[in-house]
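# Commentary on secondary and tertiary structure
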Amino acid sequence: MKRLIEVLPGTVGKEMLTRTFRLKHQLAGHPLFDLDRLARLAASLPAESTEFNGPVAPDQDPRLTPANGLSAEETVRRIEECQSWMVIKNAEQDPEYKALLDACLDQVAEQTGGVMGGARRRQAFIFVTSPNNVTPFHMDPEYNFLLQIRGSKRMSLFNHKDRRFVSEEDLEMYPGKHRNLPYREDFEADATLQHLEPGDSIFVPLFDPHWVQNGPEVSVSFSITWHTDTSEKLVKLSYVNAGLRKLGFPQRPAGENKALDAIKVAAYDIARPLYDAVKKFAGDRRKAVALFFGRAAAAS
């Protein structure tokens, strides 16, 4: 049987999860990515499973992100003309997309001999973008294969460990924090540039910041993400470091003190259920964030 996604020979070694590499796939033209099917998917999911906006810039201030005045379904159906960017989150809530997500990740795991590290907490995101629109500079807290289905795009990708591009503090997360990061045009001189056409795919490492320039046609991309034991620990450390830093305690980068890192991860495992209980009791995420991280965090 022909593979849905294929790792190119010689592109992957033991360092697979730490650097970008390219793949090929067979999903261009797949009926699950027709705009009518995506519009019906967007309409069927809870409101929190879609995010969309009007035209933005690479250095977009998330507090000033323009709305497009449309519903999620209308945004998909009018994507060619509405100058918008849209993401359908957790598309795996629909069984057909979950089956496709699992098939792709299982096939990569088979080809890479288990280097993916178990590929748990699998999620699927679908990006639908108007011609020439932009996805702002941001980072994602998971491992990610981005599969280009329709149209073209160019990605500028950066190493998250290079402090010229992103600070340790900017990489840290807390509930409700926006993913956008500060950006300057002079970053581009040192970017890893990737051009994607239908059938192309790229691996985006955990936390690596990037922004995307869409081509002259409507773009549809399928993002399949997962976690390993290592990535889950790094994400937990990010949350704990953010909380301690907001209390006025400077934090060392993950990996510099493994014993302290282990204590922080254990602290997260204790605190997270408490946060979830407070959020449920308060009935509002912002109130819970304010109690745990301060009012400034809740307002961001």
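The rules behind the values
Residues numbered from 1 in each chain as written. Predicted model: local features only at pLDDT ≥ 70, side-chain atom pairs only at ≥ 80, totals over all residues. Heavy atoms only, no water. Helix = DSSP H or I, 4+ residues; strand = E, 2+ residues; numbered from the N terminus. Rg over C-alpha atoms; globule rule 2.2 N^0.38 Å. Buried < 20%, exposed > 50% of the residue type's maximum accessible area, 1.4 Å probe, protein only. Contact = heavy atoms within 4.5 Å. Areas by Shrake-Rupley, 256 points an atom, 1.4 Å probe, with all protein chains shown as cover. Lys, Arg positive; Asp, Glu negative; His and termini not counted. Charge placed at Lys NZ, Arg CZ, Asp CG, Glu CD. Pairing = 2+ DSSP bridges. Core = buried A, V, L, I, M, F, W, Y, C linked by side-chain atoms within 4.5 Å.

On a plain count of helices and strands, the chain comes out with 8 helices and 12 strands. Here the chain has a C-alpha radius of gyration of 19 Å; the compact-globule value for 300 residues is 19 Å, and the two agree. The principal-axis extents of the C-alpha atoms in the chain amount to approximately 50 × 45 × 40 Å. The burial tally for the chain puts 49% of its 300 residues in the buried class. Taking as baseline every contact in the chain between residues at least 6 positions apart, the subset at least 24 positions apart corresponds to 81%. Carbon together with sulfur atoms contributes 54% to the accessible area of the chain, which is approximately 14,600 Å² in total. Within the chain, the 40 negative side-chain charges are centred at a point lying 5 Å from the centre of the 39 positive side-chain charges.

Along strand β4 (residues 85-88), one buried face is formed by W85 and V87 and the opposite face, lined by M86 and I88, is buried too. In terms of strand pairing, strand β3 (residues 50-53) meets β4 through 4 bridges, oriented antiparallel. Looking at β4, one finds that E51 is bridged to V87. The pairing of β4 with strand β5 (residues 120-129) spans 4 bridges and is antiparallel. Counted as the bridge partner of M86 is V128 from β5.

The subject of this paragraph is the nonpolar core. Ranked by size, the top nonpolar core spans 62 residues in total, and within it F33, L38, I126, F145, L147, F222 and W226 carry the most contacts. If you tally residues by element for this core, the top one is helix α3 (residues 95-111), at 6 residues. Once residues within four sequence positions are removed from consideration, W226 is found in contact with L17, L105, M116, A119, R120, R121, R122, E142, Y143, N144, F145 and F203. Counting residues in hydrophobic clusters, the runner-up holds 11 residues, among them V87, F125, M155 and I202.

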